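Structural description and commentary
If you want the building blocks of each chain, they are given just below.
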Amino acid sequence: MKTRSFAKICAILLLTSPVLFAVPRPPADSGSVTLTPEQALNMRRIGDLRFSPDGSRLAFTVTEPPKGTSIATHIWIMDIASKQVHQYTYSDKSDESPRWSPDGKFLAFLSNRDGDRQIYLLSSDGGDAYAITEGKRGISSFAWSPDGKEIAFVAPDEPGEAQQKKEKDKDDAIVVDKDSHHNRVWILDVASKKTRAITGEQWQVREAEWTSAGDRLIISATDAPASDDNTNRIFSLDVASGQMTQLVAPKGPFGDIRVSPDGKQFAYRGARVDGPEPHDIYLHSTDAQAADPSNNLTAESIDRSMNGVEWRGDSSMMAAVAETGFRSTLYFVSPDGRANPVADATPNPRSFAISPSGMLAFVGGSATEAPEIYLADTGGAAEQVTHLNSTWDNVRLAKPEFFHYNSFDGLPIEGELLKPLDYDGHSRVPTVILVHGGPTGAWSDSIDSWGQLLATHGFAVAYFNIRGSTGYGEKFVEMNRADWGGADFKDVMAGVDYLISQGIADPNKLGIGGWSYGGYMSEWAITQTNRFKAAVSGAGMVDLIAEFDTEAGPSYDKWFWGLPYDHSEGFLKHSPFMYLKNAHTPILILQGIADTTDPLGESTGLYRGLKFYGAPAELVEYPREFHGFREEKHMLDRLNRIVAWYEQYLK
């Protein structure tokens, strides 16, 4: 189980003009609009920023708020000189992954507008998009060749006639690990639209990046796709012959391969030990004859979880975003490991891009500022240049207070507090502790709809980045290995005591909640203490052995616990179901029926056990929903139930 923090729920702007200018934002708490669940969903997510080859335009994606049973993503374009933006694609489905052709004349993208995800092409001056691939298979990713004549893409084989007939006749039994089609690397001739596969059927390919000469691809692949371990390695793939040469076998999970513009090196995010998640930036030669191991560039210079690696055009350095506690910092990192923060890249850069001239574009935001795009020229301050989330400008939001406290063993823990919007400055108030997902995740300085809604309804809301969180160094990440619900739970309770000592939290009106690992911690808490008077668990885990046996991708849990067949003691000792007879706190259990990250059985098992012991519990199941919800009515129902549950039991 692995997920980032819950409730980064996002939303919409009704476009009335293609020109959007930066305007001053009102201070927190000064808005005239009260936050509602409907407004909480009404936020647009901005991402996948891509400068055109000449740096004159910026393509990016905008994901609209949920509407009905779907969430749509479209491509937008910004003219850098005028800072005007306009929507570029308008399909009823989703258009994603905008990629400029090397000459800048075309923009290719992925779309499911006609069924399976295919590559579409559109003139950079506008017009009608048309598909340049076809077939009954979805394309995961693609990349233009340096000369623009070919496109490499990652996709499985199309189903044969016999398989299509079986699917049509509902004769569709699946033999696990045998009937699946593996993602392969394909080469598309753009002019003729002809395609050819260049990796064998036994390989499962995850990423593919061109080298500058255009004769090779650097790929992430495994010849053991049925394995539940991390078996991917990095290869050099000859485009003409299909010959693969292994370059490096990173230990643990890795990803985000980025080849330098001069083609001599590639960077990737990798794990410093054998897990649990990629943490540092590594550099390796593209030369198959080079025997040197990958060089960890950021372990000493930054030692924070790194995201979003991109090279500068001259190959002299790369940029990446580091998680620095609740906030994020953009760094320039040179191939020799020197790292310098970009001081003017505020607030909290997330997705970003670098133009050929060195201009930075990034998506920034905070707990009181909805995400927008900012531009920062070389040496200049960042300027907000979009206002895509203007519906949030007048919404009253609680201003966060960041603080540190010492846990039971003296370990410093960082926290964030939202006080009720109408807080009188001295009273103790009902307080809800929200725990993030992961556990290899973190709360961040961004708008959290769950917490802000509770603050609107008179609750204080606290977020603790407990041990195991990202953003505080690799050793901090490893501190809850084989100890879920142990020292990290003590971190939570030390934070509760701190808030009580500060005269804010009412010790008789405490609540806890979270999604994924946060759901697990809520379930664990009510079996270990009666101090909480209300709890909410979303997609949690009650039985760690059953979780391992039924989740998709158990290698993450294996890093923490080993195999339950060999070491069942740790799994059992840290599973809430072993202690359900101790639970008396009313708990609301929320679960997507189609969730494969933390499957349905975890929540039904919790509910059944609590019923046997007569503990107050309510289970709400959401049809068709996975680990992250997509349907508008379900998302509204979830938020309304959460607020109502805490109001019922804490007020």
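In what follows, the structure referred to is the one given above.
Let us look at the structure shown here. Please read all numbers here as calculations on a predicted model, not as lab measurements.

Details of the side chain of Thr-527
You can see Thr-527 is positioned in helix 6 (residues 517-528). There is a polar contact of 2.7 Å between the side chain of Thr-527 and the backbone oxygen of Trp-524.

Quick word on the sheet that holds strand 15 (residues 233-238)
Taken in spatial order, the 4 strands make up an open sheet running 13-14-15-16, and their pairing is antiparallel. Edge positions in the sheet fall to strand 13 (204-210) and strand 16 (244-248), since each has one partner strand and no second. Within this sheet the neighbouring strands show an average axis-to-axis angle of 30 degrees, counted without direction. Bridge count for strand 13 against strand 14 (residues 216-222) is 6 bridges, and the pairing is antiparallel. Paired with Trp-210 across the strands is Leu-217, a residue of strand 14.

What to know about empty space enclosed by the protein
Evaluated as defined, the whole model comprises 2 cavities of 30 Å³ or more. Looking at the second largest cavity, its volume works out to about 60 Å³. Along the walls of the second largest cavity sit 11 residues, with Glu-416, Ser-444, Ser-446, Asp-448 and Tyr-463 positioned nearest its centre. Classifying every residue of the lining of the second largest cavity by side-chain character gives 5 nonpolar, 3 polar and 3 charged.

Remarks on the packing of aromatic side chains
A complete count under the given rule lists 32 aromatic pairs for this structure. Joined through ring pairs, the aromatic side chains of Trp-484, Tyr-517, Tyr-520, Trp-524, Phe-548, Tyr-556, Trp-559, Phe-560, Trp-561, Tyr-565, Phe-571 and Tyr-579 make up one cluster. Its guanidinium or amino end placed over the ring of Phe-402, Arg-327 lies 4.2 Å from that ring's centre, counting from NZ or CZ. Sitting over the face of the ring of Phe-629, Arg-638 holds its NZ or CZ atom 4.2 Å from the ring centroid.

Some remarks on helix 10 (residues 600-612)
Within an α-helix, residues lying three or four positions from one another point in the same direction, as the helix has 3.6 residues per turn. The terminal C-alpha atoms of helix 10 lie 19 Å apart, and with 13 residues this matches the ideal 18 Å at 1.5 Å per residue to within 8%. Burial in helix 10 covers these residues: Glu-602, Ser-603, Leu-606, Gly-609 and Leu-610. Along helix 10, the residues classed as buried sweep out an arc of 130 degrees about the axis, all on the same side. Residues Arg-608, Lys-611 and Phe-612 are exposed on helix 10 and point more than 90 degrees away from its buried face. Check the buried side of helix 10 and you find it contacts helix 6, helix 7 (544-550), strand 35 (587-592) and strand 36 (617-622).

Let's talk about helix 5 (residues 487-501)
With 15 residues, helix 5 extends 21 Å from end C-alpha to end C-alpha; this agrees with the ideal 21 Å at 1.5 Å per step. Among the 15 residues of helix 5, 11 are classified as buried, and the element is accordingly described as predominantly covered. Considered for burial, the residues of helix 5 that qualify are Ala-487, Asp-488, Phe-489, Asp-491, Val-492, Met-493, Ala-494, Gly-495, Val-496, Leu-499 and Ile-500. Positive backbone phi, at 80 degrees, marks Gly-503, one or two positions downstream of helix 5.

What counts and what doesn't
- Residues numbered from 1 in each chain as written.
- Predicted model: local features only at pLDDT ≥ 70, side-chain atom pairs only at ≥ 80, totals over all residues.
- Heavy atoms only, no water.
- Helix = DSSP H or I, 4+ residues; strand = E, 2+ residues; numbered from the N terminus.
- Polar contact = N/O pair within 3.5 Å; in protein donor to acceptor, adjacent residues only side chain to side chain.
- Pairing = 2+ DSSP bridges.
- Axes fitted to C-alpha atoms, helices over the stretch in contact; angles between N-to-C directions.
- 1 Å grid on protein atoms, 1.4 Å probe; cavity = no way out; pocket = protein on both sides within 12 Å on 5 of 7 lines; lining within 4 Å.
- Points joined across faces, edges and corners; volume = space filled by probe spheres on them.
- Nonpolar A, V, L, I, M, F, W, Y, C, P; charged D, E, K, R; others polar.
- Phe/Tyr/Trp six-rings, centres within 6.5 Å; stacked < 30°, edge-to-face > 60°.
- Lys NZ or Arg CZ within 6 Å of the ring centre and 35° of its normal.
- Expected span 1.5 Å × (residues − 1).
- Buried < 20%, exposed > 50% of the residue type's maximum accessible area, 1.4 Å probe, protein only.
- Arc of directions from axis to C-beta.
- Contact = heavy atoms within 4.5 Å.

Treat this as a map of the structure, not an account of what it does.
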